[in-house]
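# Geometric and topological summary
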Amino acid sequence: MRSLVRVIPVPLVVIFGLALRPWTSPAVYADSGSIKITAAGVTSEFPTGIRIRVEATGDNELTSVAVRLRIGQRTSGSYDYLCQMGSFASLEEGVCNPLETGKLVDGELFWRTDTFGRFIPPGTIITYNFEVEDSTGARLETDQEEFIYRDVRALRGKPLEWSEVSQGPVAVAYYGPVKSRAQIVLDTILETLDKMGPLLGADIETPIRVTMYNNNNDMLGALPPGSTTIRRELITEGQAYAEEGVLLMLGGGRTVRGTASHEVMHILVHRAGDSVFRRVPSWLNEGLAEYFGPSQLVGSRR
């Protein structure tokens, strides 16, 4: 009979010898008595993927290390086993070296996000927890943690340095001296939620995260993989990812309030009308976002 021990993770200051960064999850330490997680964490390598690592020890031989992931507000999650550290595991290619079992294990998983089918937008909240099992059937399971999948690209010679403005369920991430513009986006989304959420009967309490870019070139690399030529010829002012609860948008230009309102309407329509059994038709979703989103801002403070 298997034993199951739940423990509360305790944050550590460092993870695998590296100082924690904003795009690195809090380190996890867990102890069930016979099994201990001595270090673990999740790190963004956007746009390529997410690197997950766990180091554990046990009184008996440790036979497996697994991670359970939930991406944003998707209804289904993923449960995957870690591979041996240094094997650069890729679920996309299915190639990795099996975990070397023993009383000390060092596992790693690289979750790719750089293909169209596996794309995860920057700003997505990823919920995760770890499970470690030994040869006797004893199992340690950590409590859930949250990790924000940040855009960590180096632009103009240095990594993006993100700041945030937030209120209630909404957070707007920005970089550079554009805090006032981020505040406009935040106020607009809150106003739209307040007016349109009750009308649609949509959930307005679940988090919505906005990743705001200062120009089109910066935003191009944050969009799903596609034709570079087409993407460079078109300017995407905003993009909603309803299942993740994420908006990507340009922060410049006179249409920023209309864009913010329009895109968050897509999330509200999804929450009000989509289910596992049916989807709101795309023409209706777009029509509601176009008509009711920006129209709610007529006469509002600019």
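Please refer to the structure higher up on the page.
First, a word on scope: everything that follows refers to the structure included in this document. (Residues numbered from 1 in each chain as written. Predicted model: local features only at pLDDT ≥ 70, side-chain atom pairs only at ≥ 80, totals over all residues. Heavy atoms only, no water.)

Residue Phe-46 is joined to Pro-47 through a cis peptide bond whose omega torsion reads 5°. Looking at the element boundaries, Pro-47 is found in the loop between strand E5 (35–45) and strand E6 (49–71). One non-glycine residue with positive phi stands out, namely Arg-156, at about 55°. Taking relative accessible area as the criterion, Arg-156 reaches 61% and is therefore assigned exposed. (Helix = DSSP H or I, 4+ residues; strand = E, 2+ residues; numbered from the N terminus. Buried < 20%, exposed > 50% of the residue type's maximum accessible area, 1.4 Å probe, protein only.)

Let us look at the pattern of salt bridges. Considering all chains together, one arrives at 15 salt bridges under this definition. Residue Arg-112 is joined to Asp-114 by a salt bridge in which the shortest nitrogen-to-oxygen separation is 2.8 Å. According to the relative accessible area criterion, Asp-114 is partly exposed, its value standing at 29%. A salt bridge links Glu-164 to Arg-209; its shortest N-O distance comes to 2.1 Å. Here Arg-209 lies in strand E17 (residues 208–213) and Glu-164 lies in strand E15 (residues 163–167), a separation of 45 residues in the sequence. For Glu-164, a relative accessible area of 33% translates into the label partly exposed. Classification of Arg-209 by relative accessible area gives buried; the value is 9%. (Salt bridge = Lys/Arg side-chain N within 4 Å of Asp/Glu carboxyl O.)

Another aspect to go through is the state of the cysteines. Taken as a whole and assessed by the stated rule, the structure comprises one disulfide. A sulfur-sulfur distance of 2.1 Å marks the disulfide that ties Cys-83 to Cys-96. Its torsion about the S-S bond being -60°, the disulfide of Cys-83 and Cys-96 is classed as left-handed. Of this pair, Cys-83 sits in strand E8 (residues 83–84) while Cys-96 sits in the loop between E8 and strand E9 (102–112), and the two are 13 residues apart along the sequence. Accessibility expressed as a relative area gives 32% for Cys-96, which makes it partly exposed. (Disulfide = S-S within 2.5 Å.)

Quick look at the environment of Glu-191 now. If you trace the backbone, Glu-191 turns up in helix H1 (residues 179–200). Taking C-alpha positions, Glu-191 is 8.5 Å from Ser-261, a pair spaced 70 residues apart along the chain.

Core analysis: the largest hydrophobic core is formed by 43 residues, its most contacted members being Ile-37, Ile-50, Ile-52, Val-67, Phe-130 and Tyr-213. Among the elements of the structure, E5, E6, E9, strand E10 (124–134), strand E12 (145–149) and strand E19 (246–250) are those that each provide at least two residues to this core. For this core, the element with the most residues is E6, which contributes nine residues. (Core = buried A, V, L, I, M, F, W, Y, C linked by side-chain atoms within 4.5 Å.)

All right, on to the environment of Met-85 then. Within the secondary structure, Met-85 sits in the loop between E8 and E9. For the pair Met-85 and Leu-99, spaced 14 residues apart in sequence, the C-alpha to C-alpha distance is 7.7 Å. Once residues within four sequence positions are removed from consideration, Met-85 is found in contact with Arg-53, Asp-106, Gly-107 and Glu-108. (Contact = heavy atoms within 4.5 Å.)

On to helix H4 (residues 256–273). Spanning 18 residues, H4 covers 26 Å between terminal C-alpha atoms, matching the ideal 26 Å at 1.5 Å per step. For H4, the tally of buried residues reaches 16 of 18 residues, placing the bulk of the element in the interior. (Expected span 1.5 Å × (residues − 1).)

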